[in-house]
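The chain contents come next:
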Amino acid sequence: MNLLMQTVNHIKFPHCLEQQKNNMNKQQHSHVRLFCLITLFSSSFTIGFATVAGEDKNPFTPKAYLIRYWDKEIRNNLPKPSFLFSKASTLNAVDAAAFSKLAAVDGGVALSTRLPEFCAAAKLLCFPDLQPSLEKHDKDSNFAVYQDKNFTNYGTGRPGGLDSFKNYSDDSNIPVNDFRRYSRNSAGHNDSFSSYAGNGNVVEQTFHTYGTGATGGDGDFKVYTDQTNVPDLRFTTYSTDANGRTQSFTAYSENGNSGEQSFSSYGKNGNGPENKFSSYGKGSNVVGSGFSNYAETANGANDSFTSYGFDMNNPTINFKSYADDGNGVTESFTSYLDQSNVGADSFTSYAKNSNAAEIGFSNYDQSFNEATDKFTGYGKGATGESKVGFTTYGLNSTFKEYNKEDVSVSFSRYANSSSSGSVSQSGASVSGSLVNKWVEPGKFFREKMIKEGIVMPMPDIRDKMPQRLFLPRSILSKLPFSSSKISELKKIFKVNDNSSMEKMMKDSLGECERVPSPGETKRCVGSMEDMIDFATSVLGRNVVARTTENVNGSKKNVMVSNVKGINGGKVTQSVSCHQSLFPYLLYYCHSVPKVRVYEADLLDPNTKSKINHGVAICHLDTSVWSPTHGAFLALGSGPGRIEVCHWIFENDLTWTTAD
């Protein structure tokens, strides 16, 4: 009862408190307090919640506390933004108290003892904990519409046969699969992965000792992880010690967004392995690939990369000790990174100490904005008349410790300088249609486009991140949040070493800890209370949060109508918040000075019917932006020379002072 009375006093219903002060009789005083308590649980408590749909009227839930906090910190009577409150924690009072208590133990590590319940109740992003499967499959198997499996010792020692994985983990959110010792020591065993994990979100696939010691057979990966978001694909000791086995990757990870792929000790010590990468990573955005000890000490390896990384945006690819100490190795790179945008490649100790290696780079790195390629110790110590040829090779490459005495090197049509800083196959300037391959039409536009009657393309503004909710401050405040505490965070959320979750957490923490840009004020927030605090600290307490109403019109043309400039269209300051990948909902919020913010109805150009209500922000000062920013690719010009506008995407938002 004392706790309930404290709650009544904390909420401060003026009428009740005034009666308490005026009633000196203790019995009367108790009756008044009881009346206030009954009022609290009935009609009075509905007043503050009317604008938030589906609100739980229990005053002890995190969401009820949040609403009281909003009313205390934000000094206006504008309706509460339902889109933002839909991301508030839905934990009930009992669970919130229990998890908060665990969060206070051992720096939050005690939460790991109830992680599945915590993730489910708080609606967090947690990877499933896969248990090893020792199922026996002696006959050909066809796995369709299958996901979240740990294959251990699958196909070990199996003679011949075919196992196929079709539509495996398609359209899944956080599909996690682990293939451990798959097809180990098999003979003539074929594996087919077709339409594997397509359209997945935060995909984690691991192949440990896949095909180790196998003789013959074929591993075929076709349309693997097509159009996935944040793929993390790892092949460790894949086909190590294999004999005459063929691996092919066709349309592998096309149109992916972010993420990484790594091949470690792939084909190492193999005899006559053949690996084909065709249309690998085509059209992907900001994807990293790593090849470490690939085909190391292999005999007669034959690897071909055709249209590898074609049409990619800012790829990073590292080849380390690739074909090191190999014998009779043939490596060919054809149309590698062709028509890609910037990026960086590193070849360290590639074909080092090899014998009779033949390596050809044909039409390599014909990128729009020049990439950076580094060759360190390339071919060093190679013998047996090893040959390396560069035909129509791109710009901006450095060769360090390149042993020209041991290797026959030929350069044909090698572009080693450029006055324009960009290249194309024809040598002409790049057209706008080619730029649109890397920067979606309508993603950036000029301020003059926000005008009544203008028809313009709308980019895909849909939120592609996994759904999560904020944590209540009572839990979040007890958890570590820094790169120095990554070990503790990994224990809390049971994150494996070198997993995609570890990378996502490190990347987000790194961005949060990055030194602010000139004039920028920034903060990462994992609770809505923290977001309110940051927005009001920058803009004051008379603020409003805005976002685009829905995703209608995405990837189509829209007509602009009923344009309204926020704060009278004057130059103002805003706080923009963008999602980051983390187990709980995390926003990167930063102050944006010298902007204009607009609202506009968006119409179907044909029917003139309203389909959306958009919020756009125009950055008037772009002087500290990178020269390779997508806005300048799409619009031309450069830092500080033009203003750049964009729509607020789904689940992102911008805070401004209220009109």
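These figures come from a predicted structure and were not determined experimentally.

A look at the nonpolar core
And step 1. Residues F118, L124, L471 and F493 are the most contacted members of the largest nonpolar core, which totals 35 residues.
And step 2. Secondary-structure elements contributing two or more residues to this core are α6 (93–103), α7 (115–122), α9 (473–476), α10 (486–492), α11 (500–513) and β27 (586–603).
And step 3. The element best represented in this core is α11, accounting for five residues.
And step 4. In this structure F118 touches F99, L111, K123, L124, L471, I475 and F493, once residues within four positions along its chain are discounted.

Topic: the state of the cysteines
And step 1. Following the criterion strictly, the structure yields four disulfides and no others.
And step 2. Bridging C577 to C589, the disulfide has an S-S length of 2.1 Å. When the S-S torsion is 115 degrees, as for the bridge of C577 with C589, the disulfide is right-handed. Here C589 lies in strand β27 and C577 lies in strand β26 (residues 572–580), a separation of 12 residues in the sequence. C589 shares its class with C577; the two are buried.

A word on the pattern of salt bridges
Pairing between side chains of opposite charge can happen when their charged atoms approach one another.
And step 1. According to the stated counting rule, one finds 21 salt bridges in the structure shown.
And step 2. R462 is the partner of D460 in a salt bridge, and the nearest nitrogen-oxygen pair spans 2.8 Å.
And step 3. Taking the relative accessible area as the measure of exposure, D460 reaches 8% and is therefore buried.
And step 4. Close ionic contact of K564 with D659 constitutes a salt bridge, the shortest N to O distance being 3.4 Å. Of the two residues, K564 is situated in strand β25 (residues 557–565) and D659 in the segment after β30 (653–657); the sequence distance between them amounts to 95 residues.
And step 5. Residues participating in the shared-partner salt-bridge network are R473, R523, D530 and D533.

Observations concerning the environment of T376
And step 1. With respect to the helices and strands, T376 occurs in strand β18 (residues 372–376).
And step 2. On the basis of relative accessibility, which here comes to 27%, the residue T376 falls in the partly exposed class.

Digging into the packing of aromatic side chains
And step 1. Going through the model one piece at a time under the given rule, you end up with nine aromatic pairs.
And step 2. Between the aromatic rings of W625 and F632, the centroid separation amounts to 6.1 Å while the plane-to-plane angle is 50 degrees, which identifies the pairing as tilted.
And step 3. Look at W625 and you get buried, because its relative accessible area is 19%.
And step 4. The exposure class of F632 is buried, given its relative accessible area of 4%.
And step 5. These aromatic residues form a ring-pair network of at least three members: W70, F85 and W655.

Topic: the environment of I617
And step 1. As for its position among the elements, I617 is in strand β28 (residues 610–619).
And step 2. In sequence terms I617 and C645 are 28 residues apart; their C-alpha atoms lie 5.5 Å from each other.
And step 3. Leave out the neighbours within four places in its chain, and I617 touches S574, S576, V595, R596, V597, V644, C645, H646, I648 and T654.

A word on the pairing of strand β7 (residues 218–222)
Residues in a regular strand project their side chains so that they alternate between the two faces of the sheet.
And step 1. The two faces of β7 differ: G219 and F221 on one face are buried, but D218, D220 and K222 on the other face are not.
And step 2. Bridge analysis of strand β5 (residues 190–194) against β7 gives four bridges, and the strand direction is parallel. Bridge pairing links F193 to F221 in β7.

Overview of unusual backbone geometry
And step 1. Even without being glycine, D106 reaches a positive phi, approximately 55 degrees.
And step 2. The topology assignment puts D106 in the loop between α6 and α7.
And step 3. Accessibility expressed as a relative area gives 58% for D106, which makes it exposed.
And step 4. Of note in this structure, N651 is not a glycine but carries a positive phi near 70 degrees.
And step 5. Of note, N651 is situated in the loop between β29 (644–647) and β30.

Focus: the packing of helix α4 (residues 62–73) against helix α12 (residues 528–539)
And step 1. As a packed pair, α4 and α12 sit with axes 10 Å apart at the nearest point and diverge in direction by 10 degrees. Relative to α12, the element α4 is oriented roughly parallel. Judged by residue contacts, Y65, L66, Y69, W70 and E73 of α4 engage M528, E529, I532, D533 and T536 from α12.
And step 2. By residue class, the composition of the contact of α4 with α12 is six nonpolar, one polar and three charged.

What to know about the confidence of the model for the protein chain
And step 1. Chain-level pLDDT for the protein chain is 77 on average; 68% of the residues reach the 70-or-more range.
And step 2. Here residues 416–434 is a poorly scored stretch, pLDDT under 50, and it has 24 contacts once near neighbours within four places are set aside; other chains count.

Basis of the calculations
Sequence order sets the numbering: in each chain, residues are counted from 1 along the sequence as written. Whole-chain, interface and lining totals are the exception, using all residues; otherwise, since this is a predicted model, local features are given only for residues with pLDDT of at least 70 and side-chain atom pairs are given and counted only at 80 or more. Side-chain figures throughout are based on the complete set of non-hydrogen atoms in the structure, without hydrogens or water. By convention a nonpolar core is built from buried Ala, Val, Leu, Ile, Met, Phe, Trp, Tyr and Cys residues, the set being connected through side-chain atoms within 4.5 Å. Remark: exposure states derive from per-residue accessible area (1.4 Å probe, protein chains only) relative to the maximum for the residue type, with buried under 20%, exposed over 50%, and partly exposed in between. Secondary structure elements follow DSSP: runs of H or I no shorter than four residues count as helices, runs of E no shorter than two count as strands, and numbering proceeds from the N terminus. Residues count as neighbours in contact if any of their non-hydrogen atoms are within 4.5 Å of one another. In this description, the term disulfide denotes a pair of cysteine sulfurs within 2.5 Å. Every case where a carboxyl oxygen of Asp or Glu lies within 4 Å of a side-chain nitrogen of Lys or Arg is listed as a salt bridge. Any two of the Phe, Tyr and Trp rings considered here, Trp counted by its six-membered ring, make a pair once their centres fall within 6.5 Å; the pair's planes then place it as stacked at under 30 degrees, edge-to-face at over 60, or tilted in between. Being paired, for any two strands, means DSSP has found at least two bridges between them. Axis geometry follows a simple rule: fit a line to the C-alpha atoms, using only the stretch in contact for helices, then measure angles between N-to-C directions, giving values from 0 to 180 degrees. Note that the term roughly parallel is reserved for angles under 35 degrees, roughly antiparallel for angles over 145, roughly perpendicular for angles of 65 to 115, and oblique for everything else. Polar here means any residue outside two lists: the nonpolar Ala, Val, Leu, Ile, Met, Phe, Trp, Tyr, Cys and Pro, and the charged Asp, Glu, Lys and Arg; Gly therefore counts as polar. What pLDDT expresses is the predictor's confidence in each residue, scored from 0 to 100.

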